[in-house]
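Chain residues, written in single-letter form:
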Amino acid sequence: METDNDILAEYVEESREHLTHVEQIFESIQKTGEVEPGSINDLFRAIHTIKGSAGFLGMTSIGMLTHAMESLLDSLREGRLSMTPAISDILMEGTDMLGDMFDDVNKSNSMDVSGLVATLKELNSTVDAPAQVAPAPQATPEPAPQAAPAPQVAPAPQVAAAEPERSVADVLNQFPELAQFASPEQIAQVKAKPQAPAPAPAPKPAAVAASPKAPSKAPSPELPTSSQDKHEEFLRIKVDLLDRLMMLAGELVLVRNQQLMHVDQADSTFRSITQSLDSVTTELQETIMRTRMQPIGTVFSRFSRMVRDLSRKLSKKIELVTEGDEVELDKNILEAIGDPLTHLIRNACDHGIETPEERLAAGKSDTGKVVLSAYHESGQIHVDIKDDGKGMNRDVIHRKILEKKLKTEDELSRMSDQDIINLVCLPGFSTAEKVTDVSGRGVGMDVVKTGVEKFGGSVSLSSIEGEGSTIKLRLPLTLAIIPSLIVQSGEERFAIPQVNLEELVCLYDKDAFTRVECAGAREVFRLRDTLLPMVRLREALARERMFDEEALSEVTDQNSEARKEMGEKYKEAEESGHSIHYSLNFAVLRSGNLRFGLIIDRIHGSEEIVVKPMHRAVKGIPLYSGATVLGDGKVAMILDATGLARHYNVRDVGGGSKDSKKQKATAEDGTELRSLLLFSNGGSEQFGVSMQDVKRVEAIETSAIERVGSQEYITLDGVSTRVVRLEDGLRVQSSSQPENMFFLIPQNARKPYGLLVEKLIDSGHYEVKLNKESYQAEGVEGTALIKKRMTVLVNLEQLMHLVDGMWYGGNT
Amino acid sequence: MSNVEDTEALQNSTMQMCTFRMANRLFGVNILDVKEVNENTNVTPIYHAPADICGYINIRGQIHLVVNLRETFGFDQRHKTEAVSGKVVVFKPSVDEPFGIMVDEVCDVVSVEQSRIVDRRAGESNTSDAAKELRRAKDGIVMGVCPLDKELLLVLNARHILGKQSVKSSESK
């Protein structure tokens, strides 16, 4: 039994599309509780099409099942039956079964569909005319020889069964090919009882396929052809073709870059050609990137089914609400988040939502709600899974952690409630009292966390006991292109992904050799009350073996020697009237819960890089997460913060616990720890913006600001950037316009603009107790007392909207 | 399995070899495996990589790994930067993930009769000193030795160059 594989693959692909459509219809039926008249027809058509080709390809089981479903749907269509939950359930079960069969279509014939088929028949038999009950198909389950349907005479009655309102003559007219297969007696037989929609004794779907074109391409004329009308313009394209296209676009960008470097500015013709090449290339690359983006709704849609099944299994009432289905994500990420989301939703249903009785007792409605929402924020995609269940019990988690010896009593006592709740992500943790088949084996959250972090996302939990829990996932938009900081160590440049980067610190002159201190064998830096372990990139690269205490103290000794020398030289120079300039740059990186300072020689700036995986021969090196080609065509390695920290043997030097203690003390009265950039605008007011909203800060000279009409621009990296002043949008004192000012460039703007500020005060984590009443204006989040001064917290995004809605192209 | 492949390859009649020089020895690889010869010398070193990996180069937007066979074979070491100044023979994607080998000088394309390539595994005692030396260094990379008019051509199997190296990483798993 050989089937042409191409045809089969096409059939499977097509049928899956039909099944997806079927599922969608069921979902909407489930949601609204109403059956639109057209939808039954749609269902019928889809199932009918699957059935048609199934026979042709020899898929007897699929044929049998679809036939039974089709008969039932037909009764519904005819109005002999009305849609009941039982019917929709069995039909959905059938749809699932079909989905399973298409997963391994070659084995589909060995799958047992008889039970389901019998139930379908039984339901169909409740139709008022019992004569129409079809005999059990098992009676003659002889497989139809496909590709040779000629001797099978079944076709005519089969088609008649499918569309009982048509006379056999019609059918024969429509499928003239069938006529020659049907013996005159048979036709006569059918003609004699044209009203009998009873399916052929043996559902041999092969028959219908006698005219292979007929089932799928020629829908029966009586059926409304609405779905045929809306021809959507889609084209199936192989992913590797797209990948190749993307790679070529990447190459084109590099060629363009080289061209730009060598363009003769004096030659105006050449220059304009280069300019158009430049813009076309950029647009081309963006467009190709977009082809990989898909709405997250495709992942969300499968969960409503899951939640329904779970709620039945757990005998709870659960409703799933999805928001932001249209948010688009890179295909790779979309594929990767399916599993973590499944885990989280299962958790929410099993552990979160209570039984209806419990809910009523707690004064909630008996139906639990799980909200799945996706949205853009700060250049990342956020996915929240929120339930209104019982929430997490801090004490239970506390107890379990101690029971499983995952943390000590002492460690726990230093943690805030939210920190303790986040401990459920530890490997081996589970609070469920018993292991159910739904969840509770204690691997869930750990798997979710590692799964999400693997592709550069992050997970955070919050929960209020009795009110429910929220799990927030933060995901990068795309895996292929990431913003990163380019740094240099020795001769080589390296890329540090922006997600790992917290801040950059530059120490000048005296500070360069006095501020870094030794703590045991390690170098540390005191950064705003926390001790930051330092990692020297140069040393990390030079030593292939993982750092032990010995290597660490060697490095530390060497460098403290060097520092001493620097100090002496500096002193000498100072005394003799010269001056030597030293500087020390380091980047504060975060990997998981570890923070460390990475000492580098030079900072080049930020660049959007295309991530290429490591070659298999060098894949095992923990220091790198990939490689990239920089603008000038040279390859740079992408540093992996986690691997780097592990290689350098970085341990938490104990600075962090202080922070969390503070957090604990303040978490109760509504304050939160936020990372802010504080600035002033000439006047006495102090302002703050969220650090995560700021992409970078540029020191500029005000003489470089140009005016066009009423708007101001400044050229940064060759891009004219709109200058927004605080006083444009808010009623605050205006700047005195000194020669040197600062320019804050926001994180997620599609159009270049920035906020002009006069003076930077500080940046760091501050306890913020937001007061929304004292100063109300658009573009302002509220005020808070920071460093004993009233500080206006500016919402950059709103402010830009306010100043020029047209210009700002951020979140939609 | 790979031995079978090799022997089969050896039994076919003639084979065109792309030849190149390294440490004064003449080497050749099947020309069908070669994609191009590139003069890109802008190699980015990969710290912590095995010693015989030079680093990465960018060839028209594609990142290629560059292997230094001198190191693999344990030939007299020149200064590392000097080794980097040579040409790179880049292999086709069908051979392995994108990679090339650093050579001193690219020579002619030579047609070799298969029968003249002596499989070093067969008659070890008869082979030259050079071949013995190579055998010690890396098994599998050298398919055999072919005597040309003036000197010996060492025939390499490009598919085994990194295959051997990946043993390291698979061991660590």
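Structural notes on unusual backbone geometry
Residues and elements named next belong to chain A.
Here's step 1: Unlike most non-glycine residues, S315 shows phi in positive territory, near 40°.
Here's step 2: When you line up the elements, S315 lands in the loop between α14 (297–313) and β2 (317–323).
Here's step 3: A positive phi angle, near 65°, is found at K788, a position not held by glycine.
Here's step 4: Within the secondary structure, K788 is located in the loop between β28 (780–786) and β29 (789–794).

Notes on the packing of helix α4 (residues 85–103) of chain A against helix α5 (residues 114–125) of chain A
Residue and element names in this part refer to chain A.
Here's step 1: The interhelical angle for the contact between α4 and α5, taken along N-to-C directions, is 150°, at an axis separation of 11 Å. For the element pair α4 / α5, the angle class is roughly antiparallel. Between α4 and α5 lies a crossing of left-handed hand. Of the residues in α5, those in contact with A86, I87, I90, E93, G94 and M97 of α4 are L116, T119, L120 and L123.
Here's step 2: Class assignment of the residues belonging to the contact of α4 with α5 gives a composition of seven nonpolar, two polar and one charged.

Considerations on the environment of K31 of chain A
Here's step 1: The residue K31 of chain A is located in helix α1 (residues 5–32) in this model.
Here's step 2: Along the sequence, K31 of chain A and E319 of chain A sit 288 residues apart, while their C-alpha atoms lie 9.6 Å from each other.

Some points on the sheet that holds strand β3 (residues 34–38) of chain B
All names here are of chain B.
Here's step 1: The strand order β3-β6-β7-β5-β4 describes an open sheet built from five strands, whose pairing is mixed. The open sheet has two free edges, formed respectively by β3 and β4 (53–59), since each of these has just one partner strand. Along the sheet, successive strands turn relative to each other by an average axial angle of 30°, direction set aside.
Here's step 2: The pairing of β3 with strand β6 (residues 87–91) spans four bridges and is antiparallel.

Things to note about the confidence of the model for chain A
Here's step 1: Looking at chain A, pLDDT values average 74 and 79% of them are 70 or higher.
Here's step 2: Here residues 654–668 of chain A is a poorly scored stretch, pLDDT under 50, and it has 24 contacts once near neighbours within four places are set aside; other chains count.

Quick word on the sheet that holds strand β23 (residues 711–716) of chain A
Residues and elements named next belong to chain A.
Here's step 1: Here six strands make up an open sheet; going across it, the order is β21-β25-β26-β24-β23-β22 and the pairing mixed. Each having just a single partner strand, β21 (694–701) and β22 (706–708) make up the two edges of the open sheet. Going from strand to strand, the sheet's axes swing by 40° on average, the running direction of each strand aside.
Here's step 2: Note: strand β25 (residues 740–746) against strand β26 (residues 753–757), three bridges, orientation antiparallel. Residue pairing for β26: L744 is matched across the bridge by L755.

Remarks on the confidence of the model for chain B
Residue and element names in this part refer to chain B.
Here's step 1: The predicted model of chain B averages 73 in pLDDT, with 69% of residues at 70 or higher.
Here's step 2: The low-confidence segment residues 164–173, where pLDDT is below 50, has 11 contacts with residues more than four positions distant or belonging to other chains.
Here's step 3: Reported confidence for the predicted complex is 0.78 by ipTM and 0.52 by pTM.

Basis of the calculations
- Residues numbered from 1 in each chain as written.
- Chains lettered and ligands numbered in written order.
- Predicted model: local features only at pLDDT ≥ 70, side-chain atom pairs only at ≥ 80, totals over all residues.
- Helix = DSSP H or I, 4+ residues; strand = E, 2+ residues; numbered from the N terminus.
- Axes fitted to C-alpha atoms, helices over the stretch in contact; angles between N-to-C directions.
- Parallel < 35°, antiparallel > 145°, perpendicular 65-115°, else oblique.
- Left-handed = near helix turned anticlockwise from the far one by under 90°.
- Contact = placed C-beta atoms within 7 Å.
- Nonpolar A, V, L, I, M, F, W, Y, C, P; charged D, E, K, R; others polar.
- Pairing = 2+ DSSP bridges.
- pLDDT = per-residue confidence, 0-100.

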